[in-house]
Amino acid sequence: GTGDFTFNVSSETVANVGDQVCVDVTVDNFTNVLAAQFSIDYDASSLEYVSVGNFGLSGLNENVMGLPGGGTNAGDITVAWTDPTLGGVTVSDGTVLFEICFTTLSSGTSTVAVTGSPTAIQVIDSGSNIVSTVQNDGTVTVNGGGGGGGTGDFTFNVSSETVANVGDQVCVDV
């Protein structure tokens, strides 16, 4: 890489609208970091926020995040983390900071991005220096429609059955 502190959002693909999908927010060149603040933006018409989890840093949890329905609008997640030891933290490249889970609302591809709005991107090292950052967006791709026929239409599939005589009972699978 460039040697710059880098935020990465994973790209994920699911089969159908209504499926749950989780994207990872990972970092590279996370060296002696004392504090980090940033925003995650996503298209609220395509993705519905479900949860955050799989936290990879001490002190990083829902309490240091602005989450949709609990402080931010749909489409925005904010993070303001400080190392609880105040000594600076170093983690290996590819470390997952956290994952965000969504329910997909429409087919196609939408972007999940680390941005500076509404919370500005700022990373500070243990020497109180502001660290330059690079952001690599992720995407969520929904291949199919509404989970059945692929057209998005609700579809019943009824089996065909054959009986020997008029008056016999018959069952069909729906």
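Residues numbered from 1 in each chain as written. Predicted model: local features only at pLDDT ≥ 70, side-chain atom pairs only at ≥ 80, totals over all residues. Heavy atoms only, no water.

Student: I tried to follow the sheet that holds strand 14 (residues 133-136) on my own but got confused; where do I start?
Tutor: Spatial ordering of the open sheet is given by 5-10-3-1-14, a layout of five strands whose pairing is mixed. A single partner strand is all that each edge strand has here, and the edge strands are strand 5 (47-53) and strand 14. Neighbour-to-neighbour, the strand axes of this sheet turn through a mean angle of 20 degrees, independent of strand direction. (Pairing = 2+ DSSP bridges. Helix = DSSP H or I, 4+ residues; strand = E, 2+ residues; numbered from the N terminus. Axes fitted to C-alpha atoms, helices over the stretch in contact; angles between N-to-C directions.)

Student: Got a minute to help me understand the nonpolar core in this structure?
Tutor: Within soluble globular proteins, side chains that are nonpolar tend to cluster in buried spots. Core analysis: the biggest nonpolar cluster contains 35 residues, and Phe30, Ile40, Trp81, Leu97, Phe98, Ile100 and Val112 have the highest contact counts within it. Among the elements that line this core, the one with the most residues is strand 4 (residues 30-42), at six residues. (Core = buried A, V, L, I, M, F, W, Y, C linked by side-chain atoms within 4.5 Å. Buried < 20%, exposed > 50% of the residue type's maximum accessible area, 1.4 Å probe, protein only.)

Student: Can you help me understand the state of the cysteines in this one?
Tutor: Think of a disulfide as a covalent bridge from one cysteine sulfur atom to another cysteine sulfur atom. As enumerated under the stated definition, the model contains one disulfide in all. Note on cysteine connectivity: Cys22 is disulfide-linked to Cys101, with sulfurs 1.9 Å apart. Disulfide Cys22-Cys101: torsion about the S-S bond near 105 degrees, hence right-handed. Residue Cys22 is found in strand 3 (residues 20-28), and its partner Cys101 is found in strand 10 (residues 95-104); the two are separated by 79 residues along the sequence. For Cys22, a relative accessible area of 26% corresponds to the partly exposed category. Judged by relative accessible area, which is 4%, Cys101 ranks as buried. (Disulfide = S-S within 2.5 Å.)

Student: Please clarify how the packing of aromatic side chains should be interpreted in this entry.
Tutor: Geometrically, a pair of aromatic rings is defined through the distance of the ring centres and the angle of the planes. A complete count under the given rule lists six aromatic pairs for this structure. On the numbers, 6.0 Å between centres and 50 degrees between planes, the contact of Phe30 with Trp81 is tilted. Within this pair, whereas Phe30 is found in strand 4, its partner Trp81 is found in strand 8 (residues 76-82), the two being separated by 51 residues in sequence. Each member of the pair, Phe30 as well as Trp81, carries the same accessibility label: buried. Taken together through their ring pairs, the aromatic side chains of Phe5, Phe7, Phe30, Phe38, Trp81 and Phe98 make up a single cluster. (Phe/Tyr/Trp six-rings, centres within 6.5 Å; stacked < 30°, edge-to-face > 60°.)

Student: Whenever I open this one, the pairing of strand 12 (residues 122-125) confuses me. Can you help?
Tutor: In the case of a regular strand, side chains alternate between the two sheet surfaces. A one-sided burial pattern is seen for strand 12, the buried positions being Val123 and Asp125 and the unburied ones Gln122 and Ile124. Note: strand 4 against strand 12, four bridges, orientation antiparallel. Each residue of the ladder has a partner; that of Ala35, found in strand 12, is Ile124. With two bridges connecting them, strand 12 and strand 13 (residues 130-131) associate as antiparallel partners. The partner of Val123 across the bridge, within strand 13, is Val131.

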